[in-house]
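As a plain string of letters, each chain reads:
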Amino acid sequence: MSLRDRWRSTSENIVIPIGALVVSLIVFGIFCAIQGKNPFAIYETIYKSAFGNSFSWQGTLIRSAPLMLTSLCTAIPAMLGLTIIGNEGALIVGGLGAIAVGLSISSLPSLIVQIGMAMGGIIAGGLWIMFAGAIKYYRGVNETISSLLMNYIALAVLNTLVEGPMRDPASLNKPSTFPLLPVNMLQSIPNTRIHYGLIYGLVACVIAYFLIHRTTFGFAVRTVGGNIRAAKIAGLPVGKLTLIVSFLGGSCAGLAGMVEIAAVHGSANASLNADYGYSGILVAFIARQNPLVAVMVAVLMGGILSSGSALQRSFNLPDATVLLFQGIVFLAILFSESLYGRLDFFKDREPEVKIDAASVV
């Protein structure tokens, strides 16, 4: 690809998502105006509550950590041509796997307990999404529908376990599992209230980028995603790659569940279903499935989510207002996908071929 072609492709990947975000802001502003609120004042409040000071930044980064991890549940399988949206289910199952391991080995040193919890979350979330990839490849079941429906199964499993076999009898008003010992919880980065789950998210995104874009394995995955028939003719193990990639994507969301358990809640309960998985889908789409770009988008989305309470206090708007904004952004991003390759400005102009009439004669 020439430098000119690369510039056009890069510009398209930047301009179209930004344009979709601008359209989302306009539509959301119209909604706020209909409610009798000043859209610009609302945007200012969102900015200040998300990025206005050090305290706001820390709250934003706390919410960004699970978004980075859950976005990879969609971004990694997308390289293989799979559209996985079972992020929320993998996060819930990963959280359950993490708390089960954490409680069973709670007497061991805290570092071993945390590693065990991480492995429990990774394995549980990975197997959950790998099942969706397996039935897609071997039985032809649409992975988008199956992974979406599996979210509801995961939620049912969470409710069944938390209100049944794993319930702590002391949790009366809000059924929960037995809590982790304080020493086994993920600690905060010194001099901040940001937990180490943020480091997990950053490291996972960097590893995912280099795995997909800088390794032979990643090249094979992208080859299958580009043309599965050509990949089969070339002898690539498409079935094995499908299982591995699905597992990797699910393991990242499962790790996000472990982070929520070990750093935020301390036990598994209904709060584990916090819609971080669904927000991760949006992060992956805005980032165009690029794990490094997903880091920046996750920070932006984390800031928007953290501003919900501020909008409620300042403008008497429901806390779910930011979820409405998130839904508008999602629709705009989905529509913008149809614009790639269709805008004349980003198309390569074919050189004009002049035909000499005399030579034709």
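Predicted, not measured: the structure shown is a model, and the values here were computed from it.

**Examining the packing of aromatic side chains**
Thinking step 1. Summed over the entire model, instances satisfying the criterion amount to eight aromatic pairs.
Thinking step 2. Summarising the aromatic geometry, the rings of Phe 285 and Phe 330 are spaced 6.0 Å apart at their centres and angled 90 degrees between planes, so their arrangement reads as edge-to-face. Residue Phe 285 is found in helix H11 (residues 276–286), and its partner Phe 330 is found in helix H14 (residues 321–336); the two are separated by 45 residues along the sequence.
Thinking step 3. One aromatic cluster is present, built from ring pairs that chain together Phe 28, Phe 31, Tyr 43 and Phe 325.
Thinking step 4. Over the face of the ring belonging to Phe 55 we find Arg 193, whose NZ or CZ atom lies 3.9 Å from the ring centre.

**Here's the deal with the pattern of salt bridges**
Thinking step 1. This structure, assessed with the given rule, holds two salt bridges.
Thinking step 2. With a closest N to O distance of 3.0 Å, Glu 44 and Lys 48 form a salt bridge. Pair noted here: Glu 44 and Lys 48 are both in helix H2 (residues 39–51), with a separation of four residues, about one helical turn.
Thinking step 3. With its nearest N and O atoms 3.7 Å apart, the salt bridge here joins Glu 143 to Lys 136.
Thinking step 4. The exposure class assigned to Glu 143 is buried, which follows from its relative accessible area of 6%.
Thinking step 5. For Lys 136, a relative accessible area of 32% corresponds to the partly exposed category.

**Brief notes about helix H8 (residues 216–226)**
Thinking step 1. Taken as a whole, H8 has its buried residues at Gly 218, Ala 220, Val 221 and Val 224. Along the long axis of H8, the arc covered by the buried residues comes to 160 degrees, so they all point the same way. Residues of H8 that are exposed and angled more than 90 degrees away from the buried face: Thr 216, Phe 219 and Gly 226.
Thinking step 2. Next to the buried residues of H8 lie helix H7 (197–213), helix H9 (228–233) and helix H10 (238–265).

**Re the nonpolar core**
Thinking step 1. Counting 91 residues, the largest nonpolar core has Ile 42, Met 117 and Met 258 as the members making the most contacts within it.
Thinking step 2. A total of twelve residues in this core trace back to one element, the largest contributor, which is H10.
Thinking step 3. Setting aside residues no more than four positions away along its own chain, Met 117 makes contact with Ala 98, Val 101, Gly 102, Leu 180, Asn 184, Met 258, Ile 261 and Ala 262.

Calculation criteria
Residues numbered from 1 in each chain as written. Predicted model: local features only at pLDDT ≥ 70, side-chain atom pairs only at ≥ 80, totals over all residues. Heavy atoms only, no water. Phe/Tyr/Trp six-rings, centres within 6.5 Å; stacked < 30°, edge-to-face > 60°. Helix = DSSP H or I, 4+ residues; strand = E, 2+ residues; numbered from the N terminus. Lys NZ or Arg CZ within 6 Å of the ring centre and 35° of its normal. Salt bridge = Lys/Arg side-chain N within 4 Å of Asp/Glu carboxyl O. Buried < 20%, exposed > 50% of the residue type's maximum accessible area, 1.4 Å probe, protein only. Arc of directions from axis to C-beta. Contact = heavy atoms within 4.5 Å. Core = buried A, V, L, I, M, F, W, Y, C linked by side-chain atoms within 4.5 Å.

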